[in-house]
Each structure stands twice: as structure tokens, then as C-alpha cells.
Amino acid sequence: MQRLSARSFSALATIGMLFLTGCGTQSGAPLGAAPDLGGRTIRAQKVMQLTQVHRETGMTLLEGPVFAQDGGLFVVDVTAPEGRPKVIRVDVARKTSRAVHTDGTGAYTSAQFSPYDGRLYLSDFAHGGIVSLAPGGGDVRTFFSGEVDGARMYPDDIAFDREGNLYVSDSRGLSEGKAHGRVVRIGREGGGATVLAGDLAAPNGVSFDAEFRGLWFSELTENRISYLRLDGQGAVTSRHTAIRVDGGLAQTDSIAVDADGNLYQGLHGRAAMAVYGRHGERLATVELPSRAEGLESATNVAITPGGTRAYMTVSGPAGGYLYSFDALAEGTRQSNGG
């Protein structure tokens, strides 16, 4: 086995905690025994395998699918060790992929392009910060690091408003099982971090609604989706629990929103996605074919901007895969990354 430095070992320990407590692929209900989640069933089809389980970390976990303006699909592998691709670019038409970025210690849990500067932004769960890359990779910059209101962040997912300000689900308290999580707003220049909501149970998915009037966010250890209504300056005007997800052994992961305002809720512990209408009605469940074995989490999805083809990141002991399905409505910024 490759000898790891103390710094690398510390980073892998953080990744292991992340894997076991909410952003990983621990076993859920077998595909054939999963509970009926309501609505119609949408069958996803395999596109390609992107990663295998890494010997150094004992796992692989794909996240944050996001389309670039030229049509390339970017994904992150949260648990990739040093020297292995941590950001991957996929040509979905040709079914090919190539490495875009790697480093020594980052554990990147989400990706999204900024409407302000066009750069690719990544949340680094291991170090509590946000970094950005040039659109094609390279030119790594630290966008935000440090504490927010006296406590470091554990950033999971990200979303941008129209002006390029960043909204982060901060899973603080996840490893302790305590409701210390937050939703944080960071100004588009990397300053002015503000807590919009606190005392949350491992917040994970975060996405604007179709009209940019408010934020949906999920809490992994409570299996609920809440809504923050915002004013024109990004301040919270109200907050309420919107949807309670009956996932059985599965837990709520990332969220995407299509042009009609429908929510696509990823599931940790089950290779499926739950689809809800904006008023909370259960519309559909996206399922893998029954023959798909060794896949235990469907973390996130990107719907093709201006189209309805959706690409879902799925991971487990069998490796990391892309699956595709037809979404209920067209993709927009809210259904592209995060």
C-alpha cells in the first residue's frame, strides 16, 4: 500500500467521516426491496462508468454534475486520493472523459459555474472553503476560507443567484450528530459571509426556485426540505418546512430544480431520486434498472440547459457512474450543478 503523508492521512480521515455520515454511499435498501415513494416511475439508463473504487480511500463518490457553456459535463469525485482526478470532464455524446484537476488534500463535494465570472466553483468539505478554476481547468484560486460567525464551515452544496453571490449548505455538526448546520451567503467577490439560517440538521442540497425568489435546502439527518424566501438583497423574509421525504433507509442529498419549478431530490443510501412539484406533491421516482447492482446512492443531477435530458451521478461498491433519464421539464441554472 502507498505510504501516506500525515497531511494526506488527515484529509482521508475527513473524507471517511464525510462518506460514513452523509455524502457517501453506505448501504441502503436493496433495489428490489426499496419502499414505494409514490408518483410514476422513471427508468434511468446507464451512460458510462467514470471511476472505480480507490484503493487508498476504499471508495469512490461522484457529485456535482454541471454543464459548461460548450456542452462539456463536469463532475467531481469526492473521495479521489492525491494524484487521481478530482474534477472530471465528460463528453456525454462520445462517452469519453478526461481529468481536469487534482491536488493533494481537497475533498470537493459540489461544482457550479458562476454567472458573474464564468469560473468553475468547488466546495472543499475537507478544508472548509470554496475554490475556483478557470472554465477549462487550471488557475486555481481560493474564493473563500476561514470562519463564519466564529465557526469554520463544512461546505457541501452551492448555488448562485443571478448576480453571482454564492449560497452554501454548511453541514457543520454532521459528525457529532448535532443540529449546528447553516445556510451561508457569500458575496460574489468572496467577502461578506452571512448566515441566513442556522440550527440545521446536516444541510446538504441547496437550490434556488425557478423564479429566484427563494432557496430550497434539504437536511440529511431529518429527511426534510425547507424553503427560505428572500428579498431583493438576499435577506431572509420567511422560512418553513416544505416537504418531508419518506425515504426509508435513504436520506436527502442534493437538490436540483427544473424550469417548471419541480424539485429533483437525490438520495443517499439508495440509487434513486425523488421528484416533487413546487407545492410538495410527489410526481415521480427516478429508478435504476433492476439489474444495476453495487450502486447505493444517487447524489445529484444536471438537466441539459434548454433540454430535458438529465444526467445523474450514481456511486457505490461497483464504482462511479453516469445515468441518464428524461426530466419533467427543461434544465436551467438551478438544475445545473451545485
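One can find the structure itself at the top, above this paragraph.
Student: Mind showing me how you'd approach unusual backbone geometry here?
Tutor: Among all residues except glycine, the phi angle is most often negative; among peptide bonds, the trans geometry is most common. Phi at lysine 95 is positive, roughly 60°, even though this residue is not glycine. Positionally, lysine 95 belongs in the loop between strand 5 (87-91) and strand 6 (96-101). Phi is positive for aspartate 139, close to 50°, though the residue is something other than glycine. Along the chain, aspartate 139 turns up in the loop between strand 9 (129-133) and strand 10 (141-144).

Student: Mind showing me how you'd approach the sheet that holds strand 18 (residues 214-219) here?
Tutor: The strands making up a sheet associate through backbone hydrogen bonding, with each pair oriented either parallel or antiparallel. Strand order in the open sheet made by the four strands is 17-18-19-20, with antiparallel pairing throughout. Two strands bound the open sheet, and with one partner strand each, they are strand 17 (203-208) and strand 20 (236-244). Between one strand axis and the next, the sheet turns by 20° as a mean value, whatever way the strands run. In this sheet, strand 18 lies alongside strand 17 in antiparallel orientation, the contact comprising four bridges. Bridge assignment links serine 207 to a residue of strand 18, and that residue is tryptophan 216.

Student: Would you explain the packing of aromatic side chains in this entry?
Tutor: Each pair of aromatic rings is reported with the distance of its centres and the angle of its planes. Under the criterion given, the structure shown has ten aromatic pairs. Ring plane angle 80° and centroid distance 5.6 Å describe the contact between phenylalanine 74 and phenylalanine 113, whose orientation is recorded as edge-to-face. Taken as a pair, phenylalanine 74 in strand 4 (residues 73-77) and phenylalanine 113 in strand 7 (residues 108-113) lie far apart in primary sequence, 39 residues in all. Look at phenylalanine 113 and you get buried, because its relative accessible area is 11%. Ring plane angle 35° and centroid distance 6.4 Å describe the contact between tyrosine 264 and phenylalanine 325, whose orientation is recorded as tilted. Within this pair, whereas tyrosine 264 is found in strand 22 (residues 263-268), its partner phenylalanine 325 is found in strand 27 (residues 319-326), the two being separated by 61 residues in sequence. We classify phenylalanine 325 as buried; its relative accessible area is 1%. Taken together, the aromatic side chains of Tyr121, Phe143 and Phe160 make up a single cluster linked through ring pairs. Sitting above the plane of the tyrosine 154 ring, arginine 152 keeps its charged end 3.9 Å from the centroid.

Here is what the cut-offs are and how they apply
- Residues numbered from 1 in each chain as written.
- Predicted model: local features only at pLDDT ≥ 70, side-chain atom pairs only at ≥ 80, totals over all residues.
- Heavy atoms only, no water.
- Helix = DSSP H or I, 4+ residues; strand = E, 2+ residues; numbered from the N terminus.
- Pairing = 2+ DSSP bridges.
- Axes fitted to C-alpha atoms, helices over the stretch in contact; angles between N-to-C directions.
- Phe/Tyr/Trp six-rings, centres within 6.5 Å; stacked < 30°, edge-to-face > 60°.
- Buried < 20%, exposed > 50% of the residue type's maximum accessible area, 1.4 Å probe, protein only.
- Lys NZ or Arg CZ within 6 Å of the ring centre and 35° of its normal.

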